[in-house]
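# Architecture and fold: a report
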Amino acid sequence: MIEYKGDEHKRFQHLIKHLFKTLNITDYHIYQGKDIERLQVFIRVDHLPLEEADAQLQKLSNALKEKMTKKWKCLPSITLPEAYNIVTLPYNRL
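What counts as what
- Residues numbered from 1 in each chain as written.
- Predicted model: local features only at pLDDT ≥ 70, side-chain atom pairs only at ≥ 80, totals over all residues.
- Heavy atoms only, no water.
- Salt bridge = Lys/Arg side-chain N within 4 Å of Asp/Glu carboxyl O.
- Helix = DSSP H or I, 4+ residues; strand = E, 2+ residues; numbered from the N terminus.
- Buried < 20%, exposed > 50% of the residue type's maximum accessible area, 1.4 Å probe, protein only.
- Pairing = 2+ DSSP bridges.
- Contact = heavy atoms within 4.5 Å.
- Axes fitted to C-alpha atoms, helices over the stretch in contact; angles between N-to-C directions.
- Expected span 1.5 Å × (residues − 1).
- Arc of directions from axis to C-beta.

For the structure on display, the rule yields six salt bridges. Here Glu-3 and Lys-73 are joined by a salt bridge, their closest N and O atoms 3.5 Å apart. Residue Glu-3 is found in strand S1 (residues 2–5), and its partner Lys-73 is found in strand S4 (residues 72–74); the two are separated by 70 residues along the sequence. Residue Glu-3 is classed as buried on the basis of its relative accessible area of 6%. A salt bridge links Arg-44 to Asp-46; its shortest N-O distance comes to 3.8 Å. Considered together, Arg-44 and Asp-46 belong to a single accessibility category, that of exposed residues. Residues joined in a network through salt bridges with shared partners are Glu-3, Arg-38 and Lys-73.

Right, dumping it as C-alpha cells:
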C-alpha cells in the first residue's frame, strides 16, 4: 500500500497510474482517505515475505521520487515495528 498526503494528490494519482501502466501492474485500487489530500493505493499481490514486499515498494517509491517530492509512505515497511505497519481504512474508491 502506498499512502500519499499532500496538495498534489491529483498529480500523484495520474503519476501512479502511468507508472503502474509502464510496469504492467494492473491489479490495484485507488481510494480517497479521510481528507481529500490523502490517497491510498492498494496493490494486490499473492503472499510475499515482508522483506520482498518492502523491497518492491521501495523500487516503486524511488521511481515516484524522480517525478515529485516525497509525501507518501509505503506499507508494509521493515523499518517500522510490526505494530506501526497499520493502514487506515479508506473512505471512497476513485
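Resuming the write-up.
With respect to topology, five strands assemble into an open sheet ordered S4-S1-S3-S2-S5, the strand pairing being antiparallel. Edge positions in the sheet fall to S4 and strand S5 (92–93), since each of these pairs with one other strand and no more. Bridge count for S1 against strand S3 (residues 38–43) is four bridges, and the pairing is antiparallel. Each residue of the ladder has a partner; that of Glu-3, found in S3, is Gln-40. Seen against the sheet, helix H1 (residues 9–22) touches S1, strand S2 (28–32), S3 and S4 and runs at an angle of roughly 15° to S3. Strands S1, S3 and S4 of the sheet are contacted by helix H2 (residues 50–65), whose axis makes an angle of about 160° with S4.

Between its terminal C-alpha atoms H2 stretches 22 Å, which fits the 22 Å expected from 16 residues at 1.5 Å a residue. Here H2 has its buried residues at Ala-53, Asp-54, Leu-57, Leu-60, Ser-61 and Leu-64. Projected down its long axis, H2 carries its buried residues within an arc of 125°, all on one side. Residues of H2 that are exposed and angled more than 90 degrees away from the buried face: Glu-51 and Lys-59.

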